[in-house]
Each structure stands twice: as structure tokens, then as C-alpha cells.
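# Observations on the model geometry
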Amino acid sequence: MAGTALRGRLSWAQARVVELLDETEQVRSIVLEVPGWPGHRAGQHVDVRLTAEDGYQAQRSYSIASAPEDVDVVLTVERLDDGEVSPYLAGELRVGDELELRGPIGGYFVWEYTLGGPLLLVGGGSGIVPLRAMLRHHSAVRSSVPVRLLYSARTLGGVIYRDELERLGGGLIDVRITLTREHPDGWQGHTGRIDRSWLADASWPPEGRSLTYVCGPTGLVESVATALVELGHEPARIKTERFGPT
Amino acid sequence: MSALDGNAIAGTLRDVFGSEMTTVAGACAHCGATHQLAEQTVYLRGPGTVVRCRSCEGIVMVLVEIRGCTCVDLRGMAGFHA
């Protein structure tokens, strides 16, 4: 595919849905077979384009949830009930359907094992998606970089990739989840938003020059990045990606 | 209206400029601050896409798609540094 592309340009490719996985009530993973996929780096995204029968087109950007080492390309999409694209992707799409996509895109919010660490990953809601690609990449290459994941979800049922995160936790990957809206009786994890005091406790010491990736709704990203800078972390080593309903 | 960042327009920028642009640093023509495009503030919901300087909120780039062509206004950008 790269051979037929214009210089540096991305072409739209047809991807086929090979599997659909419900991650939570609102969130679904779409496993895609993309002929000629050139490979990607953990943290990159793709643009998805939908065309209606009357020719109307809508385009959205989604983070890639799979690691570069995984066979298929996986997108994880949260259904926003007033959204234009996500109700289709996370609701009506069926195995065997085709989607138009272009990518991989982006070079900023990317982690590869060669970049080292220690790594602090901070995610809110579906902001976990690109961080999950990084965690899978970390495991696939058996990286020796210590990782801490701070993940904020409203409820336990809203924790995306919950089983996988439980499996990954321990050893080099320290997974810490906070529930902001409600938590079950006996919940041992954190509660409330990711705030400065939790970050002071859970982030790596700034002198260790950790590398941080923060992805989530704009408000969460800005408050976390600001707090980390106030705690002495180098702004250039804090990478941010904001998402919102579009 | 919720502001995003330059990661959200990585595909459009790649399409317009022909290479990966989010890691390219641009200097704001209003205040002189330099930020990577991924870090700039982006508003997607207007009739076009507006990119504002993370430091001064001045407009550094506007992208509007008209009949399949993307028009780019770069008057707010003093220059790019690869």
C-alpha cells in the first residue's frame, strides 16, 4: 500500500470487521483486518470515515488499542448517545462490515520501549485506549521499564479492559484505579478524581526523569499536567492527548 | 465548546502538509512562544478548525474545507522548526 501512496500522503483503506468485543455497557472494541497495514507505534491513531447512502461523510479520529506486535488492528470506541459516528461504530456495526480508515497517524503521543522510562500513564475514561496499546507493547517486547498506570473511571463497571489490567498488574506494571462516581462495598482501590495529592504519592520522583503520558477528557488532562509540573516534573517529558465529544 | 489539542487533527495536517506534523514546532506570530502542533489548542466544532497558541490563545492556524479542498490560513504562525 505504501508503494502506491502519493509522496507522504495517506490513502484511505478498506478494513474488515473480524470481531466485536463488548468492553463495558458503553464501550466496544472493533477488531479489524486491514490489508497492507504498514504497522504502527503504540499511541498512534487512525481516522475513520463513514459515508451515508446520500454521500454525506463523517470522519473521526480513534486511538489504536492494539500493540504494534498484535496481528489485528483494534479500535475501542465509546458510544456517545448524541454522537454522530460512535453510535454506529459501537452499536450497529457487525462482523464482516467494512470501514474506511487511514493511518497510522500521529507521532507525538507515542511510546516505544527505546524511549525508556520509568513510565507514568494517566488515563481517564476511554483515555485508557492508547495507554493500553503502550502496556501491550511493553509486555510484548518484555520491556524492563517500570510502569505505573493511574486510571480514573466513574464506576467499576465502566473500567475498560478490566480483566486485562488485572492480569497485567503486578511485577513491573503497577495498576492503580480510582472510581469517581460510585464504588462497590469493600472496594480497596482509590476513590475520587486524580488530584494533586494522589499524583504526589503515585508519580515517580521527578529527579528520576520519568516519562508521562496523560490521555482523557480535556479537564482531566489539564489538571493532571498542571499538577505534575507543579510537583517538579519536566513539562517536555509530559505528553498529553485530549479528547472530547466531536 | 470543549478545546482539544493538535493530536485531534493529525490526519488532516498529514493530508495537507504531506508529512507527520504534530511533532513539528511552530512559533506563534502573536507572542513568539514555540509549541509542537500536538500541544496547541484546537477547536473542531466551528465552521472550520481553529488552532490557538497554547501560551497566548492567539489564532495560529485556521483550516477550512471547501468542496474537497482544504484551505489553510497560517498568518498567525511565524515559522516551523522541524
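Everything here concerns the structure above.
To keep things clear, this report deals only with the structure shown in the data block. (Residues numbered from 1 in each chain as written. Chains lettered and ligands numbered in written order. Predicted model: local features only at pLDDT ≥ 70, side-chain atom pairs only at ≥ 80, totals over all residues.)

### Observations regarding the overall build of chain A
This is how it is decided: We count a stretch as a helix when DSSP gives it H or I for four or more residues in a row; a strand needs E for two or more, and each element gets its number in order from the N terminus. Buried residues are those with 20 or more other C-beta atoms within 10 Å of their own C-beta, exposed residues have 12 or fewer, and partly exposed residues lie in between; C-beta atoms are placed from the backbone. Placing C-beta atoms from the backbone, we regard two residues as in contact once those atoms come within 7 Å.
A count of helical and extended segments in chain A gives 5 helices and 12 strands. Its C-alpha atoms put chain A at 55 × 40 × 30 Å along the principal axes. Among the 246 residues that make up chain A, the fraction classed as buried is 43%. Sequence-distant contacts in chain A: of pairs separated by 6 or more residues, those separated by 24 or more amount to 71%.

### What about the pairing of strand β9 (residues 173–179) of chain A?
Residue and element names in this part refer to chain A. In plain terms, the rule: Two strands qualify as a pair provided that DSSP identifies no fewer than 2 bridges between them. Call a crossover right-handed when, viewed with both strands pointing away from you, the route from the first strand across the helix to the second goes clockwise.
Here strand β8 (residues 147–153) pairs with β9 via 7 bridges, running parallel. The residue of β9 that forms the bridge with L150 is R176. A crossover links β8 with its parallel partner β9, the connecting element being helix α3 (residues 162–168), and its sense is right-handed. Strand direction decides the pairing type here: β9 and strand β10 (residues 190–191), joined by 2 bridges, are parallel. From the neighbouring strand, T178 faces β10, where its bridge partner is H190.

### Considerations on the interface of chain A and chain B
Spelled out, the test is: Three classes are used, and their members are as follows: Ala, Val, Leu, Ile, Met, Phe, Trp, Tyr, Cys and Pro are nonpolar, Asp, Glu, Lys and Arg are charged, and the others, Gly among them, are polar.
Contact with chain A, which involves 20 residues of that partner, is made by 18 residues of chain B. At the level of secondary structure, the elements contributing two or more residues to the side of chain A that touches chain B comprise β3 (45–51), β6 (98–105) and β12 (238–243) of chain A. Classifying every residue of the side of chain A that touches chain B by side-chain character gives 5 nonpolar, 9 polar and 6 charged.

### Brief notes about the sheet that holds strand β11 (residues 211–217) of chain A
Residues and elements named next belong to chain A. Which entries qualify depends on this criterion: The angle between two axes is taken between their N-to-C directions and runs from 0 to 180 degrees, where each axis is a line fitted to C-alpha atoms and a helix contributes only its stretch in contact.
Across the sheet, 6 strands lie side by side as β10-β9-β8-β7-β11-β12; this open sheet has parallel pairing. The open sheet has two free edges, formed respectively by β10 and β12, since each of these has just one partner strand. Examined bridge by bridge, β11 and β12 share 6 bridges and lie parallel to one another. Of the residues in β12, the one forming a bridge with T212 is I238. Packed onto the sheet, helix α2 (residues 128–140) meets β7 (119–124), β8, β9, β11 and β12 and runs at close to 155° relative to β8.

### Considerations on unusual backbone geometry
Residue and element names in this part refer to chain A. P104 follows G103 through a cis peptide bond whose omega is 0°. Residue placement: P104 occurs in strand β6. Between G117 and the following residue, P118, the backbone shows a cis peptide bond with an omega angle of 0°. For R209, which is not a glycine, the phi torsion comes out positive at approximately 50°.

### Re the nonpolar core
Residue and element names in this part refer to chain A. We apply this condition: By our criterion, buried Ala, Val, Leu, Ile, Met, Phe, Trp, Tyr and Cys residues that link up through C-beta atoms within 7 Å make up a nonpolar core. Residue ranges for the domains originate in an automatic or database domain assignment.
The biggest cluster of nonpolar side chains holds 78 residues, and the ones touching the most others in it are L75, L121 and V224. With 6 residues, the single largest contributor to this core is α2. Two domains each provide a minimum of three residues to this core, namely domain 1 (2–105) and domain 2 (113–243). Contacts of V224, omitting those with residues within four sequence positions, involve V122, I194, L199 and V214.

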